[in-house]
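# Understanding the architecture of this molecule
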Amino acid sequence: MATKARVLYNFTAEPGNAELTVKEGEIITITNQDVGGGWCEASNALGMTGLVPTDYVEANNADDPWLNWNTTSAGTWSTNNAGAAEDDEWDDDWNESKPPPSIIPHTESEAAETGLARGAPRNNSVKMPRNRFPTFIKHGPEVYLLSKQPVKPTEKITIHKGEVGPVWEYPTSSLSCVVADPKKGSKLYGLKSYIEYQVTPNNTNRSVNHRYKHFDWLCERLLIKFGSAIPIPSLPDKQVAGRFEEEFIKMRMERLQSWMNRMCHHPVISTSEVFQLFITCRDEKEWKLGKRKTEKDDVVGIMIFSIMEPPAEDIGLLEAEQKVEMFSKFTKAMDDGVKELLSVGQEHWKSCAGALPKEYQKMGKALQNLSQVFATSGYEGESILTDPLTEVGKTFEEIASIFAEQPKKDLHYLMETNQEYKGLLGCFPDIISVHKGAIEKAKEGDKLVALNKVTPQEKNTMVNRIGTMSYAFQAEMNHFHNNRIYDYNSVIQLYLQQQIEFHEMIAAKLKQALTHFTVQQ
């Protein structure tokens with residue numbers, strides 16, 4: 001049955017994708033609600049028909065069952081439905097299990113907190129909230145501190161005492177994955193298109209194919225399982241328009257590669273079942289079984305600390321609190337520094353791409369114009385000046401082009417590294433909040449004993465488990481610092497080397513221009 005609906009956000013159709021361009025506030029008719037993949041078929045007042053994202057429209061008929069389905073995806077947040085406007089939506093054969101109802105905000109304030117409140121403006125780039133824990137894993141620290149749940153014998157995370165303090169157990173061989181060979185595919189009898197990437201891990205050298213939505217699923221599962229202890233940065237933003245353009249595909253592949261590098265280099269993430277499933281499983285049946293098993297995992301959120309095996313030494317509440325506070329201050333200061341460098345870098349890029357080249361172009365044009373004026377003098381020996389002056393003008397125009405292209409060779413990598421760390425640093429407030437909440441709960445131990453809410457033994461268990469959390473926190477701090485030093489060492493060296501080559505190239509151009517002049521007596 002056809003249903004009238006109101007358009008919530010502007011949507012521009014992609015050429016060749018059987019989509020329909022709609023404007024916010026426009027009334028359209030839903031002619032097919034069951035297209036799937038987050039899309040519906042609709043027609044506008046002019047009789048034009050095409051596909052529209054379901055979360056961009058709202059049915060006018062309150063009794064229509066489609067409206068009830070749509071309102072859970074149109075203006076609210078769920079970890080499986082963020083940015084549903086893209087082609088990379090969850091298919092029925094992919095997302096077999098629905099998210100728990102508790103992860104979907106039911107109030108306007110909850111929806112507004114996620115940044116996807118109804119009526120919020122949307123750009124071509126659909127930004128997901130960075131590292132917001134799904135609601136259903138945001139339970140209190142006492143769930144772990146007082147848990148009697150036995151540790152799974154087949155699953156553990158080991159922490160060692162290293163030279164710098166607690167460290168994760170690192171695998172004997174380093175893992176790496178190459179994200180390459182993007183290819184366009186289609187579904188729904190060619191109505192919808194998508195890009196598929198080839199992921200090749202070095203431990204098998206066998207490629208598996210994944211779409212963006214698969215990376216999205218992996219990111220979600222890693223956040224749900226490890227997000228209380230380990231920063232899981234967001235994937236590159238989703239995009240509505242221009243998602244099949246070559247430049248966008250190249251940029252997305254580069255950022256997916258950076259994200260995979262970060263995950264591969266983490267000793268806990270890289271060896272986890274869910275990550276190994278993603279990079280190695282090629283059999284569809286095996287994949288679905290592994291996916292179901294992962295989604296039923298109950299060791300998630302703060303319970304991740306229940307499978308950690310730190311050294312036996314005790315850590316007091318005061319020491320644990322001091323460690324958290326120290327890293328909290330550092331990450332906040334680093335976040336400010338990273339954002340400042342990003343802002344300055346963006347302004348410098350704009351200058352290199354616009355103002356500076358224009359100044360050199362103006363100088364080059366002015367010198368060439370002056371040469372042309374001199375050439376009209378009629379003086380027989382004028383070419384001794386006009387020819388080299390023309391070459392100088394051309395040299396300045398060449399320098400303008402060099403300035404415009406230079407940021408792609410050096411500033412690009414510095415900015416990308418800072419963008420990565422901005423994402424990582426955005427995870428720490430949630431992680432620090434978990435630790436501070438647990439410490440505060442443990443501090444109440446004596447009071448809880450006096451109120452007969454916990455036993456003295458349970459109070460001691462809470463303090464001991466704070467020690468486990470602190471060792472894990474320190475292990476992650478040490479991993480973060482080690483990577484930070486390596487990454488910034490590498491990218492700053494590259495930046496300086498490229499800057500040296502850049503200025504040497506300009507100097508060489510100017511020296512070459514100088515050779516055109518002869519010394520006059």
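Take a nonpolar patch on the surface next. Residues Leu385, Leu514 and Phe517 make up a contiguous nonpolar surface patch of roughly 270 Å² in combined accessible area. The exposure class assigned to leucine 514 is exposed, which follows from its relative accessible area of 60%.

Right, let's get into the confidence of the model for the protein. Residues of the protein with pLDDT of at least 70 account for 79%, and the chain-wide mean is 81. Residue range residues 62–138 is modelled with pLDDT below 50. Its contacts to residues more than four positions away, or to other chains, number 185 contacts.

Looking now at the packing of helix 9 (residues 317–375) against helix 10 (residues 383–409). Close contact between helix 9 and helix 10 brings their axes to 8 Å; oriented N to C, the two are set at 170 degrees. If you check the angle between helix 9 and helix 10, you find them roughly antiparallel. Split into classes, the residues belonging to the contact of helix 9 with helix 10 amount to 20 nonpolar, seven polar and four charged.

Between helix 10 and helix 11 (residues 411–425), the least distance of the axes is 4 Å, while the angle of their chain directions is 40 degrees. Classified by the interaxial angle, the pair formed by helix 10 and helix 11 is oblique. Residues Pro407, Lys408 and Lys409 of helix 10 form the contact with helix 11, whose own contacting residues are Leu411, His412 and Tyr413. Taken together, the residues that form the contact of helix 10 with helix 11 break down as three nonpolar, one polar and two charged.

Let us look at the pairing of strand 4 (residues 49–53). In terms of burial, strand 4 is a largely internal element, four of the five residues being buried. Relative to strand 4, strand 3 (residues 39–43) runs antiparallel, the two sharing five bridges. By the bridge assignment for strand 4, glutamate 41 is matched with leucine 51. In sequence, strand 3 turns back onto strand 4 through a hairpin of five residues, with glycine 47 there showing a positive phi of about 85 degrees.

Overall, the coordinates contain 17 aromatic pairs when judged by the stated rule. Between the aromatic rings of phenylalanine 327 and phenylalanine 473, the centroid separation amounts to 5.7 Å while the plane-to-plane angle is 85 degrees, which identifies the pairing as edge-to-face. Here phenylalanine 327, found in helix 9, pairs with phenylalanine 473, found in helix 14 (residues 456–514); they are 146 residues apart in sequence, far enough to count as distant. Taken together, a centroid distance of 5.3 Å and an interplanar angle of 50 degrees make the contact between tyrosine 421 and tyrosine 488 tilted. Of this pair, tyrosine 421 sits in helix 11 while tyrosine 488 sits in helix 14, and the two are 67 residues apart along the sequence. Each member of the pair tyrosine 421 and tyrosine 488 is classed as buried. In this structure an aromatic cluster arises from ring pairing among Phe327, Phe330, Tyr421, Phe428, Phe473, Phe480 and Tyr488. The ring of tyrosine 144 has arginine 465 lying over it, and the distance from NZ or CZ to the ring centre is 5.4 Å.

Moving on to the sheet that holds strand 7 (residues 157–162). Within the open sheet, the three strands sit side by side as 8-7-13. Their pairing is mixed. For this open sheet the edge positions go to strand 8 (165–168) and strand 13 (308–309), each flanked by a neighbour on one side alone. Relative to strand 8, strand 7 runs antiparallel, the two being bridged by four bridges. Bridging from a neighbouring strand, isoleucine 159 pairs with tryptophan 168 of strand 8. Relative to strand 8, helix 14 is tilted by about 75 degrees, and along the sheet it contacts strand 7, strand 8 and strand 13.

Taking 1.5 Å as the rise per residue, helix 8 (residues 284–295) with 12 residues should run 16 Å; its terminal C-alpha atoms sit 16 Å apart, in good agreement. Within helix 8, burial applies to Trp287, Gly290, Lys291, Thr294 and Glu295. Burial along helix 8 is one-sided: seen end-on, the buried residues are contained in an arc of 130 degrees. Turned more than 90 degrees away from the buried face of helix 8, the exposed residues are Lys285, Leu289 and Lys293. Of the surrounding elements, those touching the buried residues of helix 8 are helix 4 (212–226) and helix 7 (273–280). For helix 8, the N-terminal cap is aspartate 283; the gap from its side-chain oxygen to the backbone nitrogen of lysine 285 is 3.2 Å.

Okay, unusual backbone geometry next. Note: most peptide bonds trans; most residues except glycine with negative phi. Even without glycine at this site, asparagine 205 takes up a positive phi of about 55 degrees. With respect to the helices and strands, asparagine 205 occurs in the loop between strand 10 (192–201) and strand 11 (208–211). Phi is positive for asparagine 452, which is not a glycine, with a value near 60 degrees.

This part takes up the environment of phenylalanine 226. Structurally, the position occupied by phenylalanine 226 is in helix 4. By relative accessible area, phenylalanine 226 is classed as buried at 2%. When the C-alpha atoms of phenylalanine 226 and valine 299 are compared, they prove to be 9.2 Å apart, with 73 residues separating the residues in sequence. Every residue in contact with phenylalanine 226, bar those within four places of it in the chain, is listed here: Ile157, Ile232, Val268, Ile269, Ser272 and Ile304.

Basis of the calculations
- Residues numbered from 1 in each chain as written.
- Predicted model: local features only at pLDDT ≥ 70, side-chain atom pairs only at ≥ 80, totals over all residues.
- Heavy atoms only, no water.
- Patch = residues over 30% accessible without salt bridge, like charges linked within 9 Å, V, L, I, M, F, W, Y side chains within 5 Å.
- Areas by Shrake-Rupley, 256 points an atom, 1.4 Å probe, with all protein chains shown as cover.
- Salt bridge = Lys/Arg side-chain N within 4 Å of Asp/Glu carboxyl O.
- Buried < 20%, exposed > 50% of the residue type's maximum accessible area, 1.4 Å probe, protein only.
- pLDDT = per-residue confidence, 0-100.
- Contact = heavy atoms within 4.5 Å.
- Axes fitted to C-alpha atoms, helices over the stretch in contact; angles between N-to-C directions.
- Helix = DSSP H or I, 4+ residues; strand = E, 2+ residues; numbered from the N terminus.
- Parallel < 35°, antiparallel > 145°, perpendicular 65-115°, else oblique.
- Nonpolar A, V, L, I, M, F, W, Y, C, P; charged D, E, K, R; others polar.
- Pairing = 2+ DSSP bridges.
- Phe/Tyr/Trp six-rings, centres within 6.5 Å; stacked < 30°, edge-to-face > 60°.
- Lys NZ or Arg CZ within 6 Å of the ring centre and 35° of its normal.
- Expected span 1.5 Å × (residues − 1).
- Arc of directions from axis to C-beta.
- Polar contact = N/O pair within 3.5 Å; in protein donor to acceptor, adjacent residues only side chain to side chain.

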